[in-house]
Amino acid sequence: MKVLIVGSGGREHAIAAAVAKSKKVEEIYCAPGNAGIAQIAGCVPIGAMEFDRIVAFAKEKAIDLVIVGMDDPLVGGLVDALEEAGIRAFGPRKNAAVLEGSKAFAKELMKKYHIPTAAYEIFSDAQEALEYLHTKAKFPVVLKADGLALGKGVLICSTLQEAEEGVCSIMTEQKFGSAGNRMVIEEFLTGREVSVLSFVDGKTIRIMSSAQDHKRALDGDQGPNTGGMGNFSPSPFYTKEVDEYCRKYIYQATVDAMAAEGRPFQGVIFFGLMLTPDGPRVLEYNARFGDPEAQVVLPRMKNDIIDVCNACIDGTLDRLELEFEDNAAVCVVLASEGYPVKYEKGFPITGLERFDGKQDYFCFHAGTKLDADKKTILTNGGRVLGITALGATLSEARKKAYEATEWVDFKNKYMRHDIGKAIEEA
Ligand code: AMP
Ligand code: GLY
């Protein structure tokens, strides 16, 4: 088989590594990819939103399967464009990717189908949102831009003044662009967060091992929200009871709701859950693998990812069980100092070869590129590398991951030091 992966981050590197393990696969391509992905796939300089060029490339190379990793092309309808051209594609169509593409849609769906989530109101007028804040809101309150905003369109506001400023930045100043044409104002929930990824074939859902992200930029969950600074899998807080509750009230209910709405979902649903004192609640849905969640979950999956993708496309997921290693993984993101606000890039990265041939260690590239000399690898983004290690236990994986963060270096290298610390305290 020839497989094309669309995207350029650590998630796509982890997908490419999983695809490379499949005996069914002969050639892997990635559009546009990065310097790490280029070591296992042919990277082509086509942007993830250049649908015509992706379709043309897939035809030219007779690609058997396209795996779309990123949210933007999914929400924009890349899977539809590929299918129209007769190309097999893994990922939700546009009408289903809206589960991630519009937070208002997701909230309305959950309300209609009684899927547990935070109480909320939707606004398409800044004045009405401000009015609501003055009259009805309890603080802290959560503001969410409706559309995609690189995981940064959520503001938690402790005071009325902060919330007023938030409404202005989202709706009036459009800090997140058209994502802020509408917004959700919702109840602030407390508890531990868990990420649960699943494969879905339109009807059947299969749950992957759980993970826990660290979204804030600084140690101790301080600083601004990021795309994710590191995570671990499985989450010890995702207990059997939590799993049972979610299976009963959330997972299948979401898949059935999408089908009932005439939007059958095929691909990956990522459930962002908050384990509140009143039970698990859905914070958000994503229509794709998480990043860095994919970097801790996929290395632990025993199944051939191609079999699973095919089952999702063919609607035969009911015939397949997912299997995970009875181990643990921790991923620490090495970022550029200043991420997610302001940072420099273009610095050489040293020490990458230390990962060569090491079984339990992975260095997934997020923002990297090859220098013009075609030899040196340079930093090329806020999140630069995802250092993942496997271990028999979470503590062991954590120790190994932090050791491996020392193997590589680049100017302005920054990481959190408390990824998975909660495990040791649990
Ligand atoms: P989201 O992109 O919806 O996952 O939101 C980003 C982050 O904001 C989440 O991972 C949570 O940490 C936080 N968050 C979102 N919604 C809420 C909520 N209703 N209550 C408390 N925190 C929230
Ligand atoms: N790590 C969170 C996300 O991928 O959205």
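Read on for a plain summary of the structure. (Residues numbered from 1 in each chain as written. Chains lettered and ligands numbered in written order. Predicted model: local features only at pLDDT ≥ 70, side-chain atom pairs only at ≥ 80, totals over all residues. Heavy atoms only, no water.)

Concerning the sheet that holds strand S5 (residues 89-90)
The condition that has to hold: The pairing criterion for strands is at least two bridges between them, as found by DSSP. Numbering goes from the N terminus for both helices and strands, where a helix is a DSSP run of H or I of at least four residues and a strand is a run of E of at least two. Should any heavy atoms of two residues lie within 4.5 Å, those residues are considered in contact. Helix axes are fitted only over the stretch in contact, all axes being lines through C-alpha atoms; the angle between N-to-C directions runs from 0 to 180 degrees.
The 5 strands are arranged S3-S2-S1-S4-S5 in an open sheet whose pairing can be described as parallel. Edge strands, defined here as strands with exactly one partner in the open sheet, are strand S3 (42-43) and S5. Both strand S2 (residues 27-32) and S3 contribute to a ladder of 2 bridges, which runs parallel. For Cys30, the partnering residue across the bridge sits in S3 and is Cys43. Its contacts with the sheet place helix H1 (residues 10-20) against strand S1 (2-7), S2 and strand S4 (65-68), and it is angled at close to 170 degrees to S1.

Focus on the layout of surface pockets
So the rule is basically this: Both site types are read off a 1 Å grid over the protein atoms alone. A 1.4 Å probe that fits but cannot get out defines a cavity, while an open set with protein on both sides within 12 Å along at least five of seven lines defines a pocket; lining residues have an atom within 4 Å of a point. Grid points are joined across faces, edges and corners, and a volume is the space filled by probe spheres set on the points. Residue type decides the class: Asp, Glu, Lys and Arg count as charged, Ala, Val, Leu, Ile, Met, Phe, Trp, Tyr, Cys and Pro as nonpolar, and the leftover types, Gly among them, as polar.
Each pocket or cavity is described by its volume, and for the second largest pocket that value is around 660 Å³. Forming the walls of the second largest pocket are 25 residues, and the residues nearest its centre are His13, Ala17, Tyr361, Phe362 and Cys363. Of all the secondary structure elements, the ones that give two or more residues to the lining of the second largest pocket are H1 and strand S18 (361-365). When its residues are assigned to classes, the lining of the second largest pocket shows 14 nonpolar, 6 polar and 5 charged.

Observations concerning the nonpolar core
Note the threshold: Here, nonpolar core refers to any group of buried Ala, Val, Leu, Ile, Met, Phe, Trp, Tyr and Cys residues whose side-chain atoms link them within 4.5 Å. The cut-offs for exposure are 20% and 50% of the maximum accessible area for each residue type, with area from a 1.4 Å probe on protein chains only; residues under the lower value are buried, those over the upper are exposed, and the others partly exposed.
In terms of nonpolar packing, the biggest core is built from 53 residues, with Leu4, Val66, Leu82, Tyr251, Phe271, Leu273 and Tyr285 touching the most fellow members. For this core, the element with the highest residue contribution is helix H9 (residues 240-260), accounting for 7 residues. With residues up to four places along the chain from it excluded, the contact list for Leu4 reads Tyr29, Cys30, Ala31, Ile54, Phe57, Ala58, Ile63, Leu65, Val66 and Ile67. One finds Ile28, Ala211, Met229 and Tyr414 within the second-largest nonpolar core, a separate group that totals 46 residues.

Examining the site of ligand 2
This is how the line gets drawn: For this purpose, a residue is taken to be near a molecule or strand whenever a single non-hydrogen atom of the residue falls within 4 Å of it. In the analysis that follows, any N or O atom pair within 3.5 Å is treated as a polar contact, provided that within protein one partner can donate a hydrogen and the other can accept it, and provided that, for residues neighboring in sequence, both atoms belong to side chains.
Taken together, Asp213, Gly227, Phe270, Asn286, Arg288, Gly290, Asp291, Pro292 and Glu293 make up all the residues around ligand 2. Asp213 is positioned with one of its side-chain polar atoms (N or O) 2.7 Å from a nitrogen atom of ligand 2. Within the backbone of Asp291, one N or O atom sits 2.8 Å away from an oxygen atom of ligand 2. In the shell around ligand 2, the residues fall into 2 nonpolar, 3 polar and 4 charged.

Details of the packing of helix H7 (residues 126-135) against helix H8 (residues 160-172)
Let me state the cut-off plainly: If an angle is under 35 degrees, it is roughly parallel; if it is over 145, roughly antiparallel; if it lies from 65 to 115, roughly perpendicular; otherwise it is oblique. If you view the pair so one helix is near and one far, a crossing is left-handed when the near helix is turned anticlockwise from the far one by less than a right angle, and right-handed when it is turned clockwise.
Between H7 and H8, whose axes approach to 10 Å, the crossing angle comes to 165 degrees. Taken as axis vectors, H7 and H8 run roughly antiparallel relative to one another. The crossing of H7 and H8 is right-handed. Touching Ala126, Ala129, Leu130, Leu133 and His134 of H7 are Leu160, Ala163, Glu164, Val167, Met171 and Thr172, all from H8. A breakdown of the residues in the contact of H7 with H8 according to their chemical character gives 8 nonpolar, 2 polar and 1 charged.

Concerning the site of ligand 1
We count it as follows: Only the protein chains shown count as cover for residues, and all accessible areas are computed by the Shrake-Rupley method using a 1.4 Å probe.
Around ligand 1, the surrounding shell holds 16 residues, and the nearest of these are Glu186, Glu187, Leu189, Glu193 and Glu284. Glu193 places a side-chain nitrogen or oxygen 2.3 Å from an oxygen atom of ligand 1. The fraction of the free accessible surface of ligand 1 (470 Å²) that becomes covered by protein chains is 94%. At the level of elements, strand S7 (141-145), strand S8 (154-157), strand S9 (183-187) and strand S16 (279-286) are the ones that each hand at least two residues to the shell around ligand 1. Broken down by class, the residue content of the shell around ligand 1 amounts to 8 nonpolar, 1 polar and 7 charged.

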